[in-house]
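These are the residues of each chain, in order.
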Amino acid sequence: MSPAETPQFATAIQNVLRSKQLQLLGILSGFAAGAWLGAAEAPTKLVSIGISPMVISLVMVMGVFLARWTLPALILGTSSVRADVRRAPHLIIWALLAGCLWAVANTLTIFAIRDIGLTIAFPLWNSNSLLGILWGFLFFNELRQAGWRRWTGVLGGALVMCAGAALLAVASSTSAPSAHSLRGVWAALGAGILWGTMYIPYRKAYLTGMNPLSFVTFFSFGELGMMSMLSVSSMGLNPLWQELLSARSVVFWLMLGGFVWVIGDVFQQYAAKYVGISRGIPLSNSNQLWGLLWGILVFGELHGRSSSVYVEVIGGSLLMMLGVAAIAFSSATGQEQTRWKEAAVRESDRYRVATDFVEARMDGRQVCGEAKPSRNRLDWLLVVAATSVFVIFAATARVPKMTLHWGPATLLTAVLFLFLVICGLSLWRITRFN
Amino acid sequence: MNAAEPDPKTRGWWTSIFSDIHFWVPVAVLMGGLLLLRFIR
């Protein structure tokens, strides 16, 4: 028997193919995350001016919390979440922490936009991808032994995306900076640092085998808890309640934004799981490009602006696409993936999570003897209750009086669903959402 | 392993979290973010 015919050789080939398949899946998830996270801004654009940004943020987070109990609950029931928690209870703390980081970062962006405008603020907080690369390298062995070509692809791609983001932000800016520019710069930088650091818990969870859908569950608790605390401390309970009551006719649109955001975040979690945070964050940062497409094509935001603005938009978009392509073509080599596995072994040793379970989950499969995800009555009750809340607010929602371009809206929505179907089916076929 | 060092297997997961540098980095960043928010407001 030649070496190529031995069972060991066949297993090695299978492992390599599986690894490549998961890398492609992670990249596809990153693209889908960018499209869905960018589209999450669209429903919020339907909300007229006059509502406090803090209330807008709080209602969106409520939508995120409720949305967790609709579509994702159908994929992974509460029994699977409980099983994940039994195996790695410490991950609840990590997910709550990530949710708190998101809420504070999101609030800081409100102040940043108010004080320095989107032009300066966006590129500053978009630097979170560079911080993600640093944390991934320092803490999780990402890009170790990756070779200069992959380093150039990932770091160069992230930098090119930052430059593209800056151009897009300049083009989409409409407001002039206010007098508190230094304060705004600090707020934007702070948001970037918080969002970049939020991916430490993300990666930590996936190196210890937690399912992204379980992570999102506890993440949404942390997010809602922190956002509620920030809103109450900032506005006071009674004024906040009054403003929520006065905004009830638009609550649905904001919650719909939260719903779309959750789907984007779930894809982002799978990207962080299968390609790491150093590649996953820049890929999902392409959401700015999608947000701009919705703004220009559906809401006619740049209508009547000078040709130089359109040059900036096209240039910025091309740069972002170039950066995304550079990162997408810099998937991890076998040597780098060995270093990821070393980091996973370190985590399973520290938190005493069974090594075979961690290995199986990193490989996107179930461990031998693990019960298949199933739905029980509680899951269906939660799905019905959460969906009913959406339906009730949809029934009382006021349709805004504004000009919308329905053709591009339909096309972009179709692209979104195409991503959902292709990426969702791929995740199901290859990993069964494990 | 040093004989005076507690066996990792006997430590609770709270101890594992609190002795993990990866935990304190996001906590420190969160605290910094809250302070920054307070300063800005």
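As the structure is a computational prediction, the values presented were derived from the model and not from experiment. (Residues numbered from 1 in each chain as written. Chains lettered and ligands numbered in written order. Predicted model: local features only at pLDDT ≥ 70, side-chain atom pairs only at ≥ 80, totals over all residues.)

Visitor: How would you sum up the overall build of chain A? Please name residues and give values.
Guide: Tallying secondary structure elements over chain A gives 19 helices and 0 strands in all. Taking 22 Å as the expected radius of gyration for a compact globule of 434 residues, we find that chain A reaches 22 Å, a close match to that expectation. Scored against the burial criterion, the 434 residues of chain A give a buried share of 51%. Considering only intrachain contacts with a sequence separation of at least 6, the fraction spanning at least 24 residues in chain A is 92%. (Helix = DSSP H or I, 4+ residues; strand = E, 2+ residues; numbered from the N terminus. Rg over C-alpha atoms; globule rule 2.2 N^0.38 Å. Buried ≥ 20, exposed ≤ 12 C-beta atoms within 10 Å, placed from the backbone. Contact = placed C-beta atoms within 7 Å.)

Visitor: Report on the nonpolar core, specifying residues and quantitative values.
Guide: Residue and element names in this part refer to chain A. Within the largest apolar cluster, 140 residues are counted, with the highest numbers of intra-cluster contacts made by Trp-36, Leu-101, Val-104, Leu-108, Ala-112, Leu-194 and Met-255. Ranked by residues supplied to this core, first place goes to helix α6 (residues 90-125) with 20 residues. In contact with Ala-112, not counting residues within four places along its chain, are Ala-121, Trp-125, Gly-184, Ala-187, Ala-188 and Ala-191. (Core = buried A, V, L, I, M, F, W, Y, C linked by C-beta atoms within 7 Å.)

Visitor: With reference to specific residues and values, describe helix α12 (residues 251-275) of chain A.
Guide: In a regular helix each residue adds 1.5 Å, so 25 residues correspond to 36 Å; α12(A) covers 36 Å between its end C-alpha atoms and thus fits that length. Among the 25 residues in α12(A), 25 count as buried, and that is most of the element. (Expected span 1.5 Å × (residues − 1).)

Visitor: So what's going on with unusual backbone geometry? Which residues, and what values?
Guide: Residues and elements named next belong to chain A. In this structure, Asn-141 is a non-glycine residue whose phi angle is positive, near 60°. Of the residues examined, Asn-141 has 21 C-beta atoms within 10 Å and is grouped as buried. Despite not being glycine, Arg-352 shows a phi value in the positive range, around 50°. With respect to the secondary-structure elements, Arg-352 resides in the loop between α16 (334-351) and α17 (355-362).

Visitor: An account of the packing of helix α10 (residues 212-235) of chain A against α12(A) is requested, with residue identities and associated values reported.
Guide: In a packed pair of helices, the relevant descriptors are the angle between the two axes and the axis-to-axis distance. Residue and element names in this part refer to chain A. The N-to-C vectors of α10 and α12 enclose an angle of 125°; their axes lie 9 Å apart at closest approach. With respect to each other, α10 and α12 are oriented oblique. Here the hand of the crossing between α10 and α12 comes out right-handed. Of α12, the residues touching α10 (which contributes Pro-212, Leu-213, Phe-215 and Val-216) are Val-262, Asp-265, Val-266, Gln-269, Tyr-270 and Lys-273. Residues that form the contact of α10 with α12 fall into these classes: 7 nonpolar, 1 polar and 2 charged. (Axes fitted to C-alpha atoms, helices over the stretch in contact; angles between N-to-C directions. Parallel < 35°, antiparallel > 145°, perpendicular 65-115°, else oblique. Left-handed = near helix turned anticlockwise from the far one by under 90°. Nonpolar A, V, L, I, M, F, W, Y, C, P; charged D, E, K, R; others polar.)

Visitor: Describe the interface of chain B and chain A, with residues and values.
Guide: Taken together, the contact pairs 17 residues of chain B with 26 residues of chain A. Those elements that provide at least two residues to the side of chain B that touches chain A are α1 (13-18) and α2 (21-40) of chain B.

Visitor: Lay out the confidence of the model for chain B with the relevant residues and their values.
Guide: In low-pLDDT segments, the atomic positions of the prediction should not be examined closely. Of all residues in chain B, 73% have pLDDT values of 70 or greater, and the mean over the chain is 78. The ipTM, which scores confidence in the relative placement of chains, is 0.82 for this predicted complex, and the corresponding pTM is 0.83. (pLDDT = per-residue confidence, 0-100.)

Visitor: Tell me what's going on with the environment of Val298(A), and back it up with residues and numbers.
Guide: Residues and elements named next belong to chain A. Mapped onto the secondary structure, Val-298 falls in helix α14 (residues 287-298). Through-space distance from the C-alpha of Val-298 to that of Pro-408 is 5.8 Å; in sequence the pair is 110 residues apart. Setting aside chain neighbours within four positions, we find Val-298 in contact with Ala-42, Leu-404, His-405, Pro-408, Ala-409 and Leu-412.

Visitor: Residues and numbers for the packing of α16(A) against α17(A), please.
Guide: All names here are of chain A. The interhelical angle for the contact between α16 and α17, taken along N-to-C directions, is 140°, at an axis separation of 10 Å. As the angle between them shows, α16 and α17 are arranged oblique. When you trace α16 past α17, the crossing you get is right-handed. Of the residues in α17, those touching α16 at Ala-344, Val-345 and Ser-348 are Thr-355, Val-358 and Met-362. Among the residues making up the contact of α16 with α17, the classes are represented as 4 nonpolar, 2 polar and no charged.

Visitor: Give me the environment of Ala40(A): which residues, what numbers.
Guide: Residues and elements named next belong to chain A. Note that Ala-40 resides in the loop between α1 (7-39) and α2 (41-44). Note on Ala-40: 25 C-beta atoms within 10 Å, which makes it buried. Considering only alpha carbons, one finds Ala-40 and Gly-264, 224 residues apart in sequence, at a separation of 8.2 Å. Look past the residues within four positions of Ala-40 in its chain and what remains in contact with it is Gly-257, Val-260, Trp-261 and Gly-264.

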